[in-house]
Amino acid sequence: MIFTGIGRTFSTVGEKQYETIGAFWDELAAKYGRAELRGLGWGWTDTEIRYAIGLKSGTIPGADTEITLPDEGWVTVTGRTEDLGGIYRGIYMTGRLRYEIEMFDDNGNCRVMYIR
């Protein structure tokens, strides 16, 4: 699977990534619709995460990031966007991730797919 999107690097210090990535999502959702997007996280360090947002179908204009992802081995968790911090605490209890894909809708639902 190939993920194509617009990439940025965000600080993870103090869990600020939830706010800053959320603003990135809001920016692109205003143009393309939240339910049409998916976000990819990868390349974590102790202080940063690489993150890209692309369309679920097609290529987002201005794409500057292309990542080849595994086709199999993904685990999926669904929940509410306001519970995202707790969802990730549960996911990370068993170790670091190689990749995560996030999807949200305007009703406050989220879907997280991850692979270690």
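Residue positions are given per chain, counted from 1 along the sequence in the order it is written. In keeping with the model being predicted, local features are shown solely for residues with a pLDDT of at least 70 and side-chain atom pairs are shown and tallied solely at 80 or more, while totals for entire chains, interfaces and linings include all residues. As a convention, hydrogens and water are excluded, and side-chain values are obtained from all of the structure's heavy atoms.

A. Fine view of the pairing of strand S3 (residues 48–55). Buried means the residue's accessible area, taken with a 1.4 Å probe over protein chains only, is under 20% of the maximum for its type, while exposed means over 50%, and partly exposed covers the values in between. Numbering of helices and strands starts at the N terminus; helices are DSSP runs of H or I of at least 4 residues and strands are runs of E of at least 2. Here S3 lies mainly inside the structure; six of its eight residues are buried. One bridge is not enough; two strands pair if DSSP finds at least two bridges between them. Pairing between strand S2 (residues 37–42) and S3: six bridges, direction antiparallel. Bridging from a neighbouring strand, Arg-38 pairs with Gly-54 of S3. Taking the residues that link successive antiparallel strands as the turn, the S2-S3 hairpin has five residues, and the phi of Gly-43 there is positive, at about 65 degrees.

B. Seen up close, the pairing of S2. Of all the six residues making up S2, six are buried; the element is thus mostly covered by neighbouring parts of the structure. Side-chain alternation along S2 places Leu-37, Gly-39 and Gly-41 on one buried face and Arg-38, Leu-40 and Trp-42 on a second face that is also buried. Across four bridges, S2 lies against strand S6 (residues 99–104) in antiparallel orientation. Looking at the pairing, Leu-40 lines up with Ile-101 of S6.

C. Inspection of helix H2 (residues 84–92) at higher detail. Within H2, burial applies to Leu-84, Gly-85, Ile-87, Tyr-88 and Ile-91. Angular distribution of buried residues about the axis of H2 spans 160 degrees; they occupy a single face of the element. Throughout, a residue-residue contact means that at least one pair of heavy atoms, one from each residue, lies within 4.5 Å. Considering only its buried residues, H2 is in contact with helix H1 (17–32), strand S5 (75–80), S6 and strand S7 (109–115). To be clear, the arc concerns the directions from the helix axis to the C-beta atoms.

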